[in-house]
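Chain and residue survey
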Amino acid sequence: MVSPGQAAAFAAAALVLIVIPGPGVLFVIGRALAHGRRTALASVAGHAAGNWVVAVCVALGVGTIVERSDTVFTVIRLAGAAYLVWLGAAAFRHRGSLAEVLASAAEPRGDVRAAREGLVVGVTNPKAVILFAAVLPQFINRAAGHVPVQMLILSAMSIVIGVTSDCCWGLAASTVRSWFARSPRRLGLVGGVGGLAMIGLGVTLALTGRKD
């Protein structure tokens, strides 16, 4: 139902969007810097669960509409691409704000609380909505049918990519926290490069997104 090429293309696009620092990444980095690896990994688990809730809701709702309407599909494709460009520009403009995670208050947090907070961040993360509602439909093969099922399969792939990315961010932040502390501008550089990458992804999807 989901071809290897289809899956690979979506995985590449999702990877670009997921690894760019956003609410979820900042949340995990902040927990890692303030509370260490254990809390960061609990936060990652909660964030993944929240993203999956969004994915299921989008697949069962938007997926059905996209399957039936060419017009809605085109509108979603162009609107999602435009919003990606806007998010990228905002990320680049406010890249210096990433350094603020270094000043996070180190209030003690248990694993359950960290996971619960991660769930809330995952459900309300605008990047998750854009990924599942605007980007993902462009990699669906409408001719093959079962669009909601295709969306759930690809969403599961992105969740795995997201968990891997968040874990890497959390482990790296907890390991090199002193390196970041010596030069907070390094986080700003990450944000600037990520913003430009998001702009590039938005333009690419607008010009070459699937139309079938």
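Up top you'll find the structure we're talking about.
Residues numbered from 1 in each chain as written. Predicted model: local features only at pLDDT ≥ 70, side-chain atom pairs only at ≥ 80, totals over all residues. Heavy atoms only, no water.

Now for the overall build of the protein. Scanning the protein from N- to C-terminus turns up nine helices and zero strands. Going residue by residue from the N terminus, the α and β elements of the protein occur as α-α-α-α-α-α-α-α-α. Expressed as a percentage of its 212 residues, the buried residues of the protein come to 49%. The long-range share in the protein, meaning contacts at least 24 apart out of those at least 6 apart in sequence, stands at 87%. On the protein, roughly 9700 Å² of surface is accessible, and the fraction owed to carbon and sulfur atoms is 70%. (Helix = DSSP H or I, 4+ residues; strand = E, 2+ residues; numbered from the N terminus. Buried < 20%, exposed > 50% of the residue type's maximum accessible area, 1.4 Å probe, protein only. Contact = heavy atoms within 4.5 Å. Areas by Shrake-Rupley, 256 points an atom, 1.4 Å probe, with all protein chains shown as cover.)

The subject of this paragraph is the pattern of salt bridges. With the rule as written, the count across this model stands at one salt bridge. A salt bridge links Arg 113 to Glu 117, with the nearest nitrogen and oxygen atoms 3.2 Å apart. Taken together, the positions of Arg 113 and Glu 117, both in helix α5 (residues 111–124) and four residues apart, correspond to about one turn of that helix. For Glu 117, a relative accessible area of 18% puts it in the buried group. (Salt bridge = Lys/Arg side-chain N within 4 Å of Asp/Glu carboxyl O.)

Let us look at a nonpolar patch on the surface. A surface patch of nonpolar side chains, amounting to about 250 Å² of accessible area, comprises Met 1, Val 149 and Ile 153. Here Met 1 shows up in the segment before α1 (4–19). (Patch = residues over 30% accessible without salt bridge, like charges linked within 9 Å, V, L, I, M, F, W, Y side chains within 5 Å.)

In this section: the environment of Gly 24. Tracing the chain through its elements places Gly 24 in helix α2 (residues 23–35). The buried category is assigned to Gly 24, whose relative accessible area is 2%. For Gly 24 and Gly 162, which are 138 residues apart along the polypeptide, the C-alpha to C-alpha distance reads 9.5 Å. Ignoring sequence-local partners within four residues, the contact set of Gly 24 consists of His 47, Val 121 and Asn 125.

Counting through the fold element by element, Gly 30 comes out in helix α2. The class of Gly 30 is buried, set by a relative accessible area of 5%. Separated by 143 residues in the primary sequence, Gly 30 and Ala 173 have C-alpha atoms spaced 8.4 Å apart.

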